[in-house]
Amino acid sequence: MTKIALIGKTVDELKAVATELNMPSFTGKQIADWLYKKRIFSIDEMSNISVGNRQKLNELYEVGRTLPSHTAESVDGTKKYLFKTVDNNFIESVYIPEDDRNTLCVSSQVGCKMNCLFCMTGKQGFGAHLTAAEILSQILSIPEAEKLTNLVFMGMGEPLDNLPNLLRALEILTADYGYGWSPRRITVSTIGVIPKMKIFLETTNCHLAVSLHSPFAEERLKLMPIQKAYPAEEILKELRKHDFSHQRRVSFEYIMFDGLNDSLRHAVEMVRILKGIDCRVNLIRFHAIPGADLKTSNEEKMIFFRDYLTNNGITTTIRKSRGEDIFAACGMLSTMEKQKSKVE
Ligand code: SF4
């Protein structure tokens, strides 16, 4: 029988588990402490819960943590972790150490439905939504878990397409009974699924990163089919209803493709469409993937683009490329692992 993961349950749900098994409700709070504060691996480690009650828990439940099955380490210190999901699929998380912060890039789905032209994960197609336990397990189970300072939901999948499990994971990450993370250290990225973005903005205080990649509708549509259902213009209209002038941030992700979206015309239009939104723009180098005839813009064009936007009032940075030697494009490592497991 497949056991149910305890990780990923809120404190109220853990209290309900306790009472269902005829334990006092406060045992639920003790379980939350063991899972989220003491970060245990097995129910048997819950030493302030009686042996009999631990046995009862063990019959139906498990902690639900999975260790990475493979690690690729870059010369620059970036580490890509591969996790096997319950359905024998693979997901990736990337640990990025920097001077003043250690960030984990977290996955939210196996594969992705959105089929963006430049994305290896998109080429895998959709596999499954990760459960809240599978999302949290990535954060808890890497060797550097205790050193993490920031989380970005920019790994495999469109996080807002898995909204219930994302919100559950964010609640546990930010709750006092959970990990107690500040929402200001968590950024969720989206390609702009407007109705779900609205719910995300209304129910959490985490930062938002929106993938734009072109200010022109037709050109964006060629890169991102989602543009048809949720045009960038409508996304920006929705964002203008929210306040990003204080602690909460909205940023726009812009992968720079040679000859496609890196001209002065694009920079001018970016300034025009982002007018009045308190935001920043992150310019990203494109990491080549098989089967996509796209090239990254050169350094000179990226600097020009950054300076144009900055000089016109939009804080813009060029994101450092990390882990180029370990299949930096998101989805590359899991695709290879998937192909390998088919052959074996
Ligand atoms: S870029 Fe994001 S939304 Fe687009 S296919 Fe890749 S994972 Fe999905």
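Check the entry above for the structure.
For the structure given in this document, a descriptive report is provided here. Predicted, not measured: the structure shown is a model, and the values here were computed from it.

1. As for the nonpolar core
Core analysis: the biggest nonpolar cluster contains 84 residues, and Met46, Leu173, Leu239, Phe252 and Leu274 have the highest contact counts within it. The element contributing the most residues to this core is helix α6 (residues 163-174), with 6 residues. Filtering out sequence-adjacent residues up to four positions away, Leu274 remains in contact with Leu212, Leu236, Phe252, Cys279, Val281 and Ile314. Formed by 19 residues, the second largest nonpolar core is a distinct cluster that contains Ile226, Ile284, Leu294 and Ala329.

2. Quick look at the pattern of salt bridges
A complete count under the given rule lists 16 salt bridges for this structure. Note that Lys196 and Asp161 form a salt bridge whose closest N and O atoms lie 3.9 Å from each other. Remark: Asp161 occurs in the loop between β9 (150-153) and α6 and Lys196 occurs in helix α7 (residues 194-203); sequence separation between them is 35 residues. By relative accessible area, which is 27% here, Lys196 ends up partly exposed.

3. Topic: the layout of surface pockets
The space that makes up the second largest pocket amounts to roughly 490 Å³. Counting residues per element, the ones that place at least two in the lining of the second largest pocket are β4 (79-84), α5 (132-141) and α6. The biggest single contributor to the lining of the second largest pocket is α5, with 5 residues. Looking at the lining of the second largest pocket residue by residue, the class counts come to 7 nonpolar, 9 polar and 7 charged.

Cut-offs applied
Residues numbered from 1 in each chain as written. Predicted model: local features only at pLDDT ≥ 70, side-chain atom pairs only at ≥ 80, totals over all residues. Heavy atoms only, no water. Core = buried A, V, L, I, M, F, W, Y, C linked by side-chain atoms within 4.5 Å. Buried < 20%, exposed > 50% of the residue type's maximum accessible area, 1.4 Å probe, protein only. Helix = DSSP H or I, 4+ residues; strand = E, 2+ residues; numbered from the N terminus. Contact = heavy atoms within 4.5 Å. Salt bridge = Lys/Arg side-chain N within 4 Å of Asp/Glu carboxyl O. 1 Å grid on protein atoms, 1.4 Å probe; cavity = no way out; pocket = protein on both sides within 12 Å on 5 of 7 lines; lining within 4 Å. Points joined across faces, edges and corners; volume = space filled by probe spheres on them. Nonpolar A, V, L, I, M, F, W, Y, C, P; charged D, E, K, R; others polar.

Geometry only, nothing functional implied.
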